Amino acid sequence: MVLMARGEAAVAVTRGLLCLAGFMAVSATLSAAVLPEERADVLFHSYDGGGVTVDGPSILVRKSIGQSVSVKANYYVDSISSASVDVISNASPYTEERTETSLGVDYLHNKTLMNLSYTKSDESDYLAETGSFSISHDMFGDLTTVTLGYSVGNDDIGNNTDETFLRSAKRQNFRLGLTQVLTKNSLLGVNLETITDEGFLSSPYRPYRFSDGTTFGKAPEKYPNTRTSNAVSFRFKYFLPYRAALSGEYRYFHDTWGISANNVEIGYTHPLKANWILDVHYRYYTQKAADFYSDLFSREGELNFLARDKELSTFQDHTIGIGVSYEFKPSSWQFIDTGTLNFSLDHIRFNYDDFRDETAAGGTLAPGEEPFYSFTANVIMAYLSIWY
Amino acid sequence: MMPMGKRTLRVAVVILLAMLVSACSVEPWVKPYERANLADPIMSFDRDPVANAYRLHVYETREAARGADGKGGGGCGCN
């Protein structure tokens, strides 16, 4: 019985492989996969919230070489000025700059698109380099696109107050993506991603705090040296009859530090007359704290690992965003097919459930009796995009 | 215990093979001439790649969750 089942399975697999070979042969004669569009974007971004301001430019240029190759370059700058609650509580406000450069190449062969890219992020105490590869293939009459991706990154972590401090971390990303045409008006996207980290994963600056009722103190945080996370997301787009689009997204996240998170987003895109497009969106995010997070430990070294990073605490955030885009077709600049001028504003509110504001009332409140922290942030982007 | 990365890859390969093996029996239910609405730029998941990348960066630095955003991974020195 088992042998028969195995025999049938072998026949089924053989038929499947023949079917696959035939399918691939047919696929090779039809070319629907396309290279990314030739475009350039110049963006100015600004983040302002919680005592932190970050702004700077981002420039992206993408150009095709022949019918099969497209290259991309991106230059990005963050100018950071930080007087966040963490910094005010434990150090002095600081300013610094982070630059990120990335280069990528796409190669199209029939219905298969391959991408190779390299990204380098550089700041005074942190250097990160990442290499990525992905391959995507259109199938089932071009109704389905499947993408597999892999990235590997190495980070070198320093400390601006200790020249002898040098640590490293390694990161790997495994990605699977699926984009599916559901109907002539709707699309579904599903993404799975596993990320593994190994090395120094905490901040060299941030302490945790402890109090047993009589003794209060602070000591350097201690994180595990490994972390593995899994995330799955579903994205949906629907074309409305009067030329507008509805979008929805949901993501579930879990990691080996005990953090779980969910976020949902809904959006609406509405073209207005005379080349204007309006976007509005709302996003809600919630997460549960890491197992080794505490706002106030009961004693020094209470756990093997100890963290007081508010990004590892239990909190929620809400985003309301609006964007507007104006399309133009310059007749005097022949090399430009079309262009858009864009502006967007996102307003985000963060509410923490177990992270207290040490700076409240001028820092005069007893540890553990401060109010829970919350803050709002505005994210502004103004950018020009051109297609050529 | 199998590492999570390998498990995800194994699931991915099984799903891919299942989809490919069943490919011959699938008739495209949306014909090429019916895809005008889907090709409209407002239906793109990534209409503004630079702006979307920045938005993701903001969330990655303020939230613990990461990944499955349809973008490649990259170190950002956000800790």
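On a predicted model such as this, the values are computed, not experimentally measured, just so you know. (Residues numbered from 1 in each chain as written. Chains lettered and ligands numbered in written order. Predicted model: local features only at pLDDT ≥ 70, side-chain atom pairs only at ≥ 80, totals over all residues. Heavy atoms only, no water.)

(A) Focus on the overall build of chain A. The helix and strand tally for chain A stands at two helices and 18 strands. The buried share of chain A, taken over its 388 residues, is 48%. When contacts within chain A are restricted to residue pairs at least 6 apart in sequence, long-range pairs at least 24 apart make up 58% of them. Within the structure as shown, chain A displays about 18,800 Å² of accessible surface, and the carbon and sulfur contribution to it stands at 61%. (Helix = DSSP H or I, 4+ residues; strand = E, 2+ residues; numbered from the N terminus. Buried < 20%, exposed > 50% of the residue type's maximum accessible area, 1.4 Å probe, protein only. Contact = heavy atoms within 4.5 Å. Areas by Shrake-Rupley, 256 points an atom, 1.4 Å probe, with all protein chains shown as cover.)

(B) View of the pattern of salt bridges. Under the definition given, this model contains 28 salt bridges over all chains. Across the pair Arg-66 of chain B and Asp-197 of chain A runs a salt bridge whose closest N-O atoms are separated by 2.5 Å. Of this pair, Arg-66 of chain B sits in the segment after helix H3 (49–62) while Asp-197 of chain A sits in strand S9 (residues 186–199), placing the two residues on different chains. Residue class for Arg-66 of chain B comes out buried when judged on its relative accessible area of 13%. The salt bridge partner of Asp-295 of chain A is Arg-356 of chain A, with a shortest N-O separation of 4.0 Å. Of the two residues, Asp-295 of chain A sits in the loop between strand S15 (276–288) and strand S16 (315–328) while Arg-356 of chain A sits in strand S17 (residues 338–356), which places them 61 residues apart along the sequence. When sorted by exposure, Asp-295 of chain A lands in the same class as Arg-356 of chain A, which is buried. Through salt bridges with shared partners, a single network forms among Arg-209, Lys-218, Asp-295, Arg-308, Arg-356, Glu-358 and Glu-370 of chain A. (Salt bridge = Lys/Arg side-chain N within 4 Å of Asp/Glu carboxyl O.)

(C) Local environment of the side chain of His-137 of chain A. Here His-137 of chain A lies in strand S6 (residues 126–139). Among the polar contacts made by the side chain of His-137 of chain A, one reaches the side chain of Thr-112 of chain A at a distance of 2.7 Å. (Polar contact = N/O pair within 3.5 Å; in protein donor to acceptor, adjacent residues only side chain to side chain.)

(D) Structural detail: the pairing of S15 of chain A. All names here are of chain A. Burial of S15 is one-sided: the residues Ile-277, Asp-279, His-281, Arg-283, Tyr-285 and Gln-287 facing one way are buried, the residues Trp-276, Leu-278, Val-280, Tyr-282, Tyr-284, Thr-286 and Lys-288 facing the other way are not. Sheet topology note: the strand S14 (residues 260–272)/S15 ladder contains 13 bridges and is antiparallel. Paired with Val-264 across the bridge in S15 is Tyr-284. Between S14 and S15, which pair antiparallel and follow one another directly, the connecting turn spans three residues, one of which, Ala-274, has a positive phi of 60°. Bridging between S15 and S16 involves 12 bridges; their strand directions are antiparallel. The partner of Arg-283 across the bridge, within S16, is Thr-319. (Pairing = 2+ DSSP bridges.)

(E) Up close: the confidence of the model for chain A. When pLDDT is averaged along chain A, the result is 90; 92% of the residues meet or exceed 70. A low-confidence stretch, residues 1–31 of chain A stays under pLDDT 50, and its non-local contacts, those more than four residues away or across chains, total 14 contacts. (pLDDT = per-residue confidence, 0-100.)

(F) Highlighting the packing of aromatic side chains. Evaluated as defined, the whole model comprises 19 aromatic pairs over all chains. Seen from their ring centres, Trp-257 of chain A and Phe-292 of chain A are 5.3 Å apart, and the 75° between their planes marks the pair as edge-to-face. Residue Trp-257 of chain A is located in the loop between strand S13 (244–255) and S14, and its partner Phe-292 of chain A is located in the loop between S15 and S16; the two are separated by 35 residues in the primary sequence. Assigned by exposure class, Trp-257 of chain A and Phe-292 of chain A land together as buried. Measuring from ring centre to ring centre gives 5.0 Å for Phe-315 of chain A and Tyr-352 of chain A, while their planes differ by 40°; the resulting arrangement is tilted. With Phe-315 of chain A in strand S16 and Tyr-352 of chain A in strand S17, the pair connects residues that are 37 residues apart, well separated along the chain. Of note, Arg-227 of chain A hangs over the ring of Trp-257 of chain A, and the distance from its end group to the ring centre comes to 4.8 Å. Between the NZ or CZ atom of Arg-283 of chain A and the centre of the ring of Tyr-59 of chain B, over which it lies, the distance is 3.6 Å. (Phe/Tyr/Trp six-rings, centres within 6.5 Å; stacked < 30°, edge-to-face > 60°. Lys NZ or Arg CZ within 6 Å of the ring centre and 35° of its normal.)

(G) Structural view of the interface of chain B and chain A. Each partner contributes residues to the interface: chain B has 52 residues there, and chain A has 99 residues. With both sides pooled, the region where chain B packs onto chain A buries about 6,500 Å², and carbon together with sulfur makes up 63% of that total. Considering only the side of chain B, the residues that lose the most area to chain A are Phe-45, Arg-62 and Arg-66 of chain B, jointly responsible for 14% of the buried surface there. Where chain B packs against chain A, one counts five salt bridges. The tally of links between chain B and chain A comes to 24 residue pairs in polar contact (both at pLDDT 80 or more). For the side of chain B that touches chain A, the secondary-structure elements that each account for two or more residues are helix H1 (4–21), helix H2 (36–39) and H3 of chain B. Among the elements that make up the side of chain B that touches chain A, the one with the highest residue count is H3 of chain B (10 residues). Of the residues contributing to the side of chain B that touches chain A, the split by class is 27 nonpolar, 14 polar and 11 charged. (Buried area = accessible area lost by both parts, 1.4 Å probe. Nonpolar A, V, L, I, M, F, W, Y, C, P; charged D, E, K, R; others polar.)

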